[in-house]
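Structural characterization, general
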Amino acid sequence: MPGFELFGDAERKEVNDVLDNGVLMRYGFDGMRKGHWKAKELESQLQNTFKSKHVQLVSSGTAAVSVALAAAGVGAGDEVIMPTFTFVASFEAIMMLGVIPVLVDIDDTLAVCPKAVEAAITQKTKAVMVVQMCGSMGNMDALQTICNKHDLLLVEDACQAIGGSYKGKPLGSIGDLGCFSFDFVKTITCGEGGAVITNNKDYYLNADHYSDHGHDHVGNDRGAETHPFLGYNFRISELHAAVGLAQIKRLPEFLEIQKKNFTVLREVLSEIPEVTFRRVPEGGEESYAFLNFFLPDLEIARKVSQAFKENGVDACFHYYDNNWHYIRKWDHLKNLKSLFPISIEVKKGLEYLKTKEFKQSDNYIARNISCLIKLSWTEEELKQRANTMLNCIKSAL
Ligand SMILES: *Cc1c(COP(=O)(O)O)cnc(C)c1O
């Protein structure tokens, strides 16, 4: 998945444009810029890539999720439904707004289970957040139907699925709002950065203002701009946007390499009857950022994960035992370890986490191994990796 593997002259050139004129900020300083508007250019490239009318760059993927929800008016005391399997950023971004994250089970797509989503809807639910994990996606038709029926926003966190699609639409562009991260390990990187995409002009204008202290961005005198409402600072810098501008142009090349490497590994592992793969919903095409497979049980998955480590198969994750991506290890969330007081509503709203079990999620995550697909492997390395993986799995069975 990582674009950082292929950082080179194209990225350096874009960054040097910015260094030449010294305007490191995306807004204002028109006279000094010598025509360089990297953030604006990247936004317009992303509109094409993600087939979306509006794109707002922000400082991170976490900021993107928070800005997206804020832009659609989700706030204190509301509930947002999200999966048990995701990056910690999902609940961080939700809680930053005083919103209550309602965690629900995933299914064999590794994204939220539509049945679990429907069962979790209450009077307070404002949005369903589907996290398109590990390069693939949830059952978007089913989720869209539920959201339409209950008049809820559908928000896509597509941070890990840049370049994937569902029924011809880029992931991220299907819901009311889509969120991307361009941090250092994503398919394309800005170093740090993120984006909110939407076809809704009001949400876009809200995101544009909100991510820059509420500035209305009217005219070309920043000091004279008005503030129609409160905002914060989630701006991307011009330097970061410059890196992303070089990377977005290389996305087709990155995706092609990812697919090729993914296919080699998948074909070899398919020889083992006990190995099954993550389900990609009908009409979906994953981005091939990760190869995800299931083993028969937890014990075998642990053995395979250990064998991978001992035999130099890096970048493969057994998320059941990993601190970052699965509820089982999120003790800081369950125990609400916060530096500052948390609102009573959120505190009460999260009490369920102390006792609730997620057996359906456990069943999938306990048996799942998720392998990052790198871009820099040589054919020889790839062949060797496939063979080592095959042997590790066979001997664990
Ligand atoms: C990386 C990631 C984020 C957060 O992105 P940052 O840019 O690191 O803040 C959010 N959600 C998912 C699923 C991610 O993988």
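Look up a bit, the structure's there.
Before going into details, it helps to say that this report is about the structure given with it.

**Re empty space enclosed by the protein**
- Under the definition given, this model contains one cavity of 30 Å³ or more.
- There is about 40 Å³ of room inside the largest cavity.
- Around the largest cavity, the lining residues are Phe-262, Arg-266, Phe-277, Arg-278, Val-280, Glu-286, Phe-290, Leu-291 and Asn-292.
- Sorting the residues of the lining of the largest cavity by element identifies α9 (251-269) and β12 (290-294) as the ones contributing at least two each.
- In terms of residues, the lining of the largest cavity owes the most to one element, β12, which gives three residues.
- Class assignment for the residues of the lining of the largest cavity results in five nonpolar, one polar and three charged.

**As for the site of the ligand**
- Not every one of the 13 residues close to the ligand is listed here, only the nearest: Gly-61, Thr-62, Ser-181, Asp-183 and Lys-186.
- Here Thr-62 contributes a side-chain N or O atom positioned 2.5 Å from an oxygen atom of the ligand.
- At a separation of 2.7 Å, an oxygen atom of the ligand approaches a polar side-chain atom of Ser-181.
- Protein contacts shield 93% of the accessible area of the ligand, which totals 380 Å² for the unbound molecule.
- Residue classes in the shell around the ligand are distributed as four nonpolar, six polar and three charged.

**Some thoughts on the packing of aromatic side chains**
- In the structure shown here, the tally under the stated rule is twelve aromatic pairs.
- Considering the side-chain rings of Phe-85 and Tyr-319, the 5.2 Å spacing of their centres and the 55° angle between planes classify their relative orientation as tilted. Here Tyr-319 lies in the loop between β13 (316-317) and α11 (331-334) and Phe-85 lies in the loop between β2 (79-83) and α4 (89-95), a separation of 234 residues in the sequence. We note that Phe-85, like Tyr-319, is buried.

What counts and what doesn't
- Residues numbered from 1 in each chain as written.
- Predicted model: local features only at pLDDT ≥ 70, side-chain atom pairs only at ≥ 80, totals over all residues.
- Heavy atoms only, no water.
- 1 Å grid on protein atoms, 1.4 Å probe; cavity = no way out; pocket = protein on both sides within 12 Å on 5 of 7 lines; lining within 4 Å.
- Points joined across faces, edges and corners; volume = space filled by probe spheres on them.
- Helix = DSSP H or I, 4+ residues; strand = E, 2+ residues; numbered from the N terminus.
- Nonpolar A, V, L, I, M, F, W, Y, C, P; charged D, E, K, R; others polar.
- Near = heavy atom within 4 Å.
- Polar contact = N/O pair within 3.5 Å; in protein donor to acceptor, adjacent residues only side chain to side chain.
- Areas by Shrake-Rupley, 256 points an atom, 1.4 Å probe, with all protein chains shown as cover.
- Phe/Tyr/Trp six-rings, centres within 6.5 Å; stacked < 30°, edge-to-face > 60°.
- Buried < 20%, exposed > 50% of the residue type's maximum accessible area, 1.4 Å probe, protein only.

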